[in-house]
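Fold and geometry: a report
Listed below are the residues making up each chain.
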Amino acid sequence: MDAEAAKLFGAGLAAIGLGLAALGVGNVFGQFLSAALRNPSAADSQQGRLFIGFAAAELLGLLAFVIAMILLFVA
Amino acid sequence: MAAEAGKIDPMHQFLVEPLFGRHLMLGGYDVSFTNSALFMVLTLGALWLFMLGGMRRELVPGRWQAAVEGFTGFIGNMLQANIGPEGRKFTPYVFSLFMFILIANLMGMIPIGVVPGLHAFTVTSHITVTGLLAILSFSIVLIVGFSRHGFHFFSLFVPHGTPVVMIPLMFVIELLSFLVRPFSLGLRLFVAMTAGHILLKVLAGFVVNGLNAGPGIAAIVSIPSFILMIGITLLELLVCAIQAYVFALLTSLYLNDAVNLH
């Protein structure tokens, strides 16, 4: 396999990591929603922590996107 | 990856180029006024106008003043909730940071691409800009931490109640996760903006290529892609606001670590 084809293949594999990021972010918001529907009065006070959790989960997934971009455009 | 006929080039929109096509060289350095600089000036102008309109200090605020007070109160409350009573001191910096990132993100979504030859440039889609903002936040955290606590600042890396045997390992792990903070801060904003705009450009390429391929393919390809573009543009507007909020929120959390050590 020549180098250019291998890079494109690697970028495609790195995109699988983004699907996992979707699972992670959906988990964060889903747990928040199910808990907020049990205790609605406490939901607004935890909104900050919701976004912190979202940012952390999204970042780790976006690192996979960075790998894909490096393979496509830098290396 | 150069663009041939029919090939979608999603990266050209991020190119930083001088405004009128001519580079201005001064002593071997390129100091031309680029599209990036233009959009930063526009962001500054929009923010300045917004604040000027809200500073009339009426006792019963009108709508513009209420909007400005809404933003300043929002940031002030966030700082007070995360840092405590001393948090309000950091409002000028965190407010400027939040408003600059928010307005810069939104400026990149403005559809001036309908005018042939022009396109909106997202200032925060470059790691140079977001990395610098992250380094700025991190430096302020370090300066505040060391000026308040001196070398006692390093006690931040040894959590309460760790067994003495584990202290060296915990210190190294905590130190590494602390040093990753500026990278993650800058990278998060950069990748969120870049990924959104690449997605929009690829979908726009589908619309154009579908239209060029004849009416049958246009109905199957272009119309769903265009509807998807509308939905993703709404999502991107939300992501612009969320990423600005997350940057400011994490900055205030890191400041909390520096101000109140544990």
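Because the structure is a prediction, the values reported are computed rather than measured.

1. Let's talk about the overall build of chain A
Assigned secondary structure in chain A consists of three helices and zero strands. Mapped in sequence order, the helices and strands of chain A form the string α-α-α. In summary, chain A has a C-alpha radius of gyration of 17 Å against a globular reference of 11 Å for 75 residues, an excess of more than 25%. When its C-alpha atoms are laid out on the principal axes, chain A stretches across 60 × 15 × 10 Å. Of all 75 residues assigned to chain A, the portion counted as buried reaches 8%. A separation of at least 24 residues holds for 94% of the contacts in chain A among residues at least 6 apart in sequence.

2. Quick look at the overall build of chain B
Per the secondary structure count, chain B includes seven helices and two strands. In sequence order, the secondary structure elements of chain B are arranged as β-β-α-α-α-α-α-α-α. Its C-alpha atoms give chain B principal-axis dimensions of about 70 × 55 × 50 Å. Among the 262 residues that make up chain B, the fraction classed as buried is 24%.

3. Quick look at unusual backbone geometry
Negative phi values dominate among residues other than glycine, just as trans dominates among peptide bonds. The backbone of B:Arg57 sits at a positive phi, close to 60°, despite the residue not being glycine. On the secondary structure map, B:Arg57 appears in the loop between helix H1 (35-53) and helix H2 (63-83).

4. Considerations on the confidence of the model for chain A
For chain A, mean pLDDT is 91; residues scoring 70 or higher make up 100% of the total. Averaged over each element, pLDDT in chain A is lowest for helix H3 (residues 47-74) of chain A (88) and highest for helix H1 (residues 3-38) of chain A (93).

5. A closer look at the nonpolar core
If you look at the biggest cluster of nonpolar residues, it comprises 43 residues, and the most contacted ones within it are B:Leu97, B:Phe98, B:Ile101, B:Phe247 and B:Ala248. Elements that contribute at least two residues to this core include exactly H3 of chain A together with H2, helix H3 (91-107), helix H4 (127-149), helix H6 (181-212) and helix H7 (215-259) of chain B. Counting residues per element, this core draws most heavily on H7(B), at eleven residues.

The rules behind these values
- Residues numbered from 1 in each chain as written.
- Chains lettered and ligands numbered in written order.
- Predicted model: local features only at pLDDT ≥ 70, side-chain atom pairs only at ≥ 80, totals over all residues.
- Helix = DSSP H or I, 4+ residues; strand = E, 2+ residues; numbered from the N terminus.
- Rg over C-alpha atoms; globule rule 2.2 N^0.38 Å.
- Buried ≥ 20, exposed ≤ 12 C-beta atoms within 10 Å, placed from the backbone.
- Contact = placed C-beta atoms within 7 Å.
- pLDDT = per-residue confidence, 0-100.
- Core = buried A, V, L, I, M, F, W, Y, C linked by C-beta atoms within 7 Å.

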